[in-house]
Amino acid sequence: MKLTYTLKTALSSLKAHKMRCFLTILGIVIGVLSIILVMSIGQSAKELILNQIEGIGAKTIAVEPGREPKGPSDFLEMFSDSLKEKDIALLKNPNNVRGLAEIAPVVYQSVVVSYQSETKRASIIGSSALMAKILDIYPETGDFFTEEEIRQDAAVVLLGYEIKQELFGPSDAIGEQVKIKNKTFRVIGIFPKKGMISMFDVDNLVLVPYTTAQKYILGINYFNEFILEAETESIVPTTVKDIETTLRESHNISDLEKDDFHITTQADAIERANTITSILTALLTSVAAISLLVGGIGIMNIMLVSVLERTREVGLRKALGATDNNILSQFLLESIILTGLGGTIGIILGIFFAFIASLILKTIVPLGWIFTISFKAIFLGLFVSAFVGVVFGLYPAKKASQKSPTEALRYE
Amino acid sequence: MPLIEVKNLKKTYFSDNMETPVLKGISLGIEKGEFVAIMGPSGSGKSTLLHMLGFLDEFTSGVYNFEDKPAKSYSKNEVAKIRNEKMGFIFQAFNLLPKSSVLDNVKLPLFYSKTKEKDWDKLALSSIDRVGLSHRVNYEANQLSGGEKQRVAIARALVNNPDVIFADEPTGNLDTKSGGQIMEILESINKQGKTIILITHETYTAQYAQRIIHLKDGVIESDEQVKERKTSNKDGFIK
């Protein structure tokens, strides 16, 4: 039997039940659409996160208190007060840590900043000039605080663009006084509008010397993080090792399992982000795959009905010389056409909705969301839909092919 | 050597622990070119016998030789090939594809044959011409009258130039005029050398055959040559 004829027969049979075909392939369309959409958004999210991490710079090393969280209970460790002032001096010593260019201790909290009757909640970061260098932000007007001001716990503050706008409007803010936790701070600099950089919302940032933040705002004598910069990218592993040794000595740690700090490099962060986004994408894709499975069952259901309805036709074809394989391939082809069609429509709609989603996400996430289409997803969508067609079409097709001609011709 | 030879052929249907014997030991031979009518009341087993002879169903026991070869020795694909190339079927209910054109319906057996695709239309049109339906080639089957439908079914049965035509009550659903036309066509096909096995319960239709086999309760009651074979008049029906 000729393939063109089988194809023609399958198409004309499907054409005879347009509405039924449409409803049948809807399940496949939704399944493939979901896979494309989820994988595309997952891919975009991954690229966005990786871009953000890469923005930190390959030479950057972060030291955080508490051991690396390996389970939910370890998260409390992150609030440990293990990173102290004395550690900075030890880490700065080139005899202890090789290849270290700079170190910025960091403290942070969410605070309310007020100017006259205006108030605004903001993220306050207490750090040094290195923080600005790492984030690549420099005051548009005014200046950064000096090392001297850090030493003197000077009550000076730099404001992000949005905070400045909300508190001062278009008026000049340099030299004005704002209040944070009842302490008066002099505005010495305003950052330009920058959006998100390395997961920091720079426009909503209040930057003060870390000494000032510790003393007047947080009332603590430890740090939430050390951000360090190595001299070169290649020396990072050596520097990390030296930091570990120095901090263990400083904190009297002999058991490696009992570290009260953990170190993250850009490579670690990329790997971690990759893992997390991949797991999330896989999880969401499996949810989408379930809808494809349901769609497949729908195909099987309709094909079974179709086989039943066309029992006499099967009998007739067999009486006229069709072999079991002829009948099997006819019905199988019908279900593959259905799923293939559903898959193709699903891919087109999936790309369309992924594009729409990227437009929406661009307005919601101020991070520079990029529209990406995963070719893996397109291939997967096509492959899975054809596979569903074969798997779920096989049983009804087999059932049709095994009918005895007499029994089929007698069917009412 | 008979074209068809059966010895002690039996068919029993089994359902829900119930055995229903339909054919209880049929023995007969049909020569190439014969026109045989099988008659009998409802439930006598005539259609079942036709299905066995046409390889549409399997018999329970006995021997069936087609072209001197035991039916049981044919594989499933060989049986399909025999049905396609050597047999043609005409059913009481026509069994056409209602949404397909007359041409497509007649072409149907060709799709399962070795005939080259470029010859399909030519063969189908010639077959349609033989039954006088050239003016209805592009009509959908469901747009035709009963008589026309049966003529399409005959054209379909002839398209692969088979050796034997099995006709299961071909005039059963037709008025007498249309029935006459169908019988006239079958008569002419037989004259061209085709073997015809006709199932009917109408005596006047059976009179077209050379030989009438009467079945009753699954056994042959009589098997006689027709002494005075009827022929069609010029109006297209038997006197």
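Residues numbered from 1 in each chain as written. Chains lettered and ligands numbered in written order. Predicted model: local features only at pLDDT ≥ 70, side-chain atom pairs only at ≥ 80, totals over all residues. Heavy atoms only, no water.

Some words on a nonpolar patch on the surface
The cut-off we apply is this: For patch building, the residue pool is restricted to those with more than 30% relative accessible area and no salt bridge; the joining distance is 9 Å between like charges and 5 Å between nonpolar side chains (Val, Leu, Ile, Met, Phe, Trp, Tyr). Accessible surface area values rest on a Shrake-Rupley calculation with a 1.4 Å probe, where residue burial reflects the displayed protein chains alone. Any Lys or Arg side-chain nitrogen found within 4 Å of a carboxyl oxygen on Asp or Glu counts as a salt bridge. A run of H or I in DSSP counts as a helix once it spans at least four residues, and a run of E counts as a strand once it spans at least two, with each numbered from the N terminus.
On the surface, a nonpolar cluster with roughly 930 Å² of combined accessible area is contributed by Leu341, Ile345, Leu349, Phe352, Phe353, Phe355, Ile356, Leu359, Ile360, Ile364 and Phe371 of chain A. Tracing the backbone shows Ile345 of chain A in helix α11 (residues 324-364).

Considering the side chain of Thr195 of chain B
Residues and elements named next belong to chain B. Here is the rule we go by: Burial classes: relative accessible area under 20% of the type maximum marks a residue as buried, over 50% as exposed, and values in between as partly exposed (1.4 Å probe, protein chains only). Contacts described as polar in this section are N or O atom pairs within 3.5 Å, which, within protein, must combine one atom able to donate a hydrogen with one able to accept it, while residues neighboring in sequence count only if both atoms come from side chains. Residue contacts are counted whenever heavy atoms from the two residues lie within 4.5 Å of one another.
Tracing the sequence through the fold places Thr195 in strand β8 (residues 195-199). Accessibility expressed as a relative area gives 0% for Thr195, which makes it buried. Here Gly33 takes part through its backbone nitrogen, which lies 2.8 Å from a polar atom of the side chain of Thr195. Setting aside residues no more than four positions away along its own chain, Thr195 makes contact with Leu3, Ile30, Glu31, Lys32, Gly33, Glu34, Asp163, Val164 and Ile165.

Some remarks on the packing of aromatic side chains
Stated formally: By convention, a stacked pair of Phe, Tyr or Trp rings (six-membered ring in the case of Trp) has centres within 6.5 Å and planes under 30 degrees apart, an edge-to-face pair has planes over 60 apart, and any other such pair is tilted. Think of it as a cone above the ring: NZ of Lys or CZ of Arg counts as a charge over the ring if it is within 6 Å of the ring centre and within 35 degrees of the ring normal.
Summed over all chains, the structure comprises 15 aromatic pairs over all chains. When the centroid spacing of 5.1 Å and the interplanar angle of 80 degrees are considered together, the rings of Phe355 of chain A and Phe371 of chain A count as edge-to-face. Linking Phe355 of chain A in helix α11 with Phe371 of chain A in the loop between α11 and α12 (375-401), this pair joins segments that are 16 residues apart in sequence. Looking at Phe371 of chain A, the relative accessible area reads 30%, which means it is partly exposed. With a centroid separation of 5.8 Å and an interplanar angle of 85 degrees, the aromatic rings of Phe55 of chain B and Tyr74 of chain B are classed as edge-to-face. One end of the pair, Phe55 of chain B, is in the loop between α1 (46-53) and β4 (61-66); the other, Tyr74 of chain B, is in the loop between β5 (69-70) and α2 (76-85), and 19 residues separate them in sequence. Residue Phe55 of chain B shares its accessibility class with Tyr74 of chain B, and that shared class is buried. Over the ring of Tyr216 of chain A we find Lys183 of chain A, and its NZ or CZ is 3.9 Å from the ring centre.

Thoughts on the sheet that holds strand β10 (residues 219-225) of chain B
All names here are of chain B. Heads up, the condition is: Whether two strands pair comes down to DSSP finding at least two bridges between them. Only the stretch in contact is used when a helix axis is fitted, and all axes are lines through C-alpha atoms; the angle between N-to-C directions ranges over 0 to 180 degrees.
Spatial strand order, β6-β7-β8-β3-β9-β10: 6 strands in an open sheet with mixed pairing. Edge positions in the sheet fall to β6 (87-91) and β10, since each has one partner strand and no second. Sheet twist, expressed as the mean angle between neighbouring strand axes with direction ignored, is 15 degrees. When strand β3 (residues 35-39) meets β8, the two strands line up parallel, connected through 4 bridges.

Structural notes on the pattern of salt bridges
Residues and elements named next belong to chain A. Applying the stated criterion to the full structure yields 22 salt bridges over all chains. Between Asp242 and Arg98 there is a salt bridge, with the nearest N and O atoms lying 2.8 Å from each other. Residue Asp242 is found in helix α8 (residues 236-250), and its partner Arg98 is found in the loop between α3 (85-92) and β2 (100-115); the two are separated by 144 residues along the sequence. Linking Arg310 and Glu334 is a salt bridge whose minimum nitrogen-to-oxygen distance equals 2.7 Å. Of the two residues, Arg310 sits in the loop between α9 (266-309) and α10 (311-319) while Glu334 sits in helix α11, which places them 24 residues apart along the sequence. Residues joined by salt bridges that share partners form a network here, namely Arg310, Glu313, Arg317 and Glu334.

Quick look at the interface of chain A and chain B
In this assembly, 23 residues from chain A lie in contact with 26 residues from chain B. One can count 1 salt bridge joining chain A with chain B. Salt-bridge contacts for Lys76 of chain B lead to Asp324 of chain A; the nearest nitrogen and oxygen are separated by 2.7 Å. Applying the counting rule to chain A against chain B returns 6 residue pairs in polar contact (both at pLDDT 80 or more).

Regarding the pairing of strand β5 (residues 156-159) of chain A
Residues and elements named next belong to chain A. Going residue by residue along β5, you find Val156 and Leu158 tucked away on one face and Val157 and Leu159 tucked away on the opposite face as well. Where β5 and strand β7 (residues 183-190) come together, 4 bridges link them in parallel fashion. When the sheet's bridge partners are listed, Val156 is paired in β7 with Arg186. Taken together, the 2 bridges between β5 and strand β10 (residues 205-209) define a ladder with antiparallel strand orientation.

As for the nonpolar core
As a rule of thumb, soluble globular proteins bury nonpolar side chains together. Put simply, the test is: By nonpolar core we mean a set of buried residues, namely Ala, Val, Leu, Ile, Met, Phe, Trp, Tyr and Cys, connected to one another through side-chain atoms within 4.5 Å.
Counting residues in hydrophobic clusters, the biggest one holds 115 residues, and the most contacted among them are Tyr64, Phe66 and Leu186 of chain B. Sort the elements by how many residues they give to this core and α11 of chain A lands first, with 9 residues. Those residues in contact with Tyr64 of chain B that sit more than four places away from it in its chain are Ile4, Glu5, Val6, Leu9, Met52, Leu53, Phe55, Phe59, Lys69, Pro70, Ala71 and Met87 of chain B. Residues Ala132, Val157, Ile180 and Val187 of chain A belong to the second largest nonpolar core, which totals 63 residues.

Quick notes on the pairing of strand β12 (residues 261-265) of chain A
Residue and element names in this part refer to chain A. The buried fraction of β12 amounts to 5 of the 5 residues, a majority that puts the element mostly inside the structure. Here β12 shows no split at all, with Phe261, Ile263 and Thr265 on one side and His262 and Thr264 on the other all buried. Bridge count between strand β1 (residues 60-65) and β12: 5 bridges; the pairing is antiparallel. The residue of β12 that forms the bridge with Ile61 is Thr265.

Side note on the sheet that holds strand β2 (residues 18-30) of chain B
Residues and elements named next belong to chain B. Pairing is antiparallel across the open sheet formed by 4 strands, whose spatial order is β2-β1-β4-β5. Looking at the sheet topology across the chains shown, the edges are occupied by β2 and β5. Of the pairings in the sheet, the one linking strand β1 (residues 4-15) to β2 comprises 10 bridges and is antiparallel in character. Opposite Val6, over in β2, you have Leu28 as the bridge partner. Contacting β1, β2 and β4, α1 crosses the sheet at an angle of about 115 degrees to β1.

Side note on the side chain of Asn224 of chain A
Residues and elements named next belong to chain A. Take Asn224: it is sitting in the loop between α7 (210-218) and β11 (225-230). Within the structure, the side chain of Asn224 is placed 2.8 Å from the backbone nitrogen of Tyr108, a separation counted as a polar contact. Not counting chain neighbours up to four residues away, the residues in contact with Asn224 comprise Glu64, Pro65, Val106, Val107 and Tyr108.

As for the confidence of the model for chain B
Residues and elements named next belong to chain B. Put simply, the rule reads: One number per residue, pLDDT, summarises how confident the predictor is, and it ranges from 0 to 100.
Confidence along chain B averages 90 in pLDDT terms, with 96% of residues attaining 70 or more. Per-residue pLDDT stays below 50 along residues 234-239; that stretch engages in 18 contacts with residues further than four places along the chain or on separate chains. Both scores are available for the predicted complex, with the pTM at 0.68 and the ipTM at 0.90.

Describing unusual backbone geometry
One non-glycine residue with positive phi stands out, namely Asn182 of chain A, at about 65 degrees. Tracing the backbone through its elements, the reader meets Asn182 of chain A in the loop between β6 (177-180) and β7. Overall, the relative accessible area of 73% leaves Asn182 of chain A in the exposed class. Even without being a glycine, Glu169 of chain B presents a positive backbone phi close to 50 degrees. Judged by relative accessible area, Glu169 of chain B falls into the buried class, the value being 9%.

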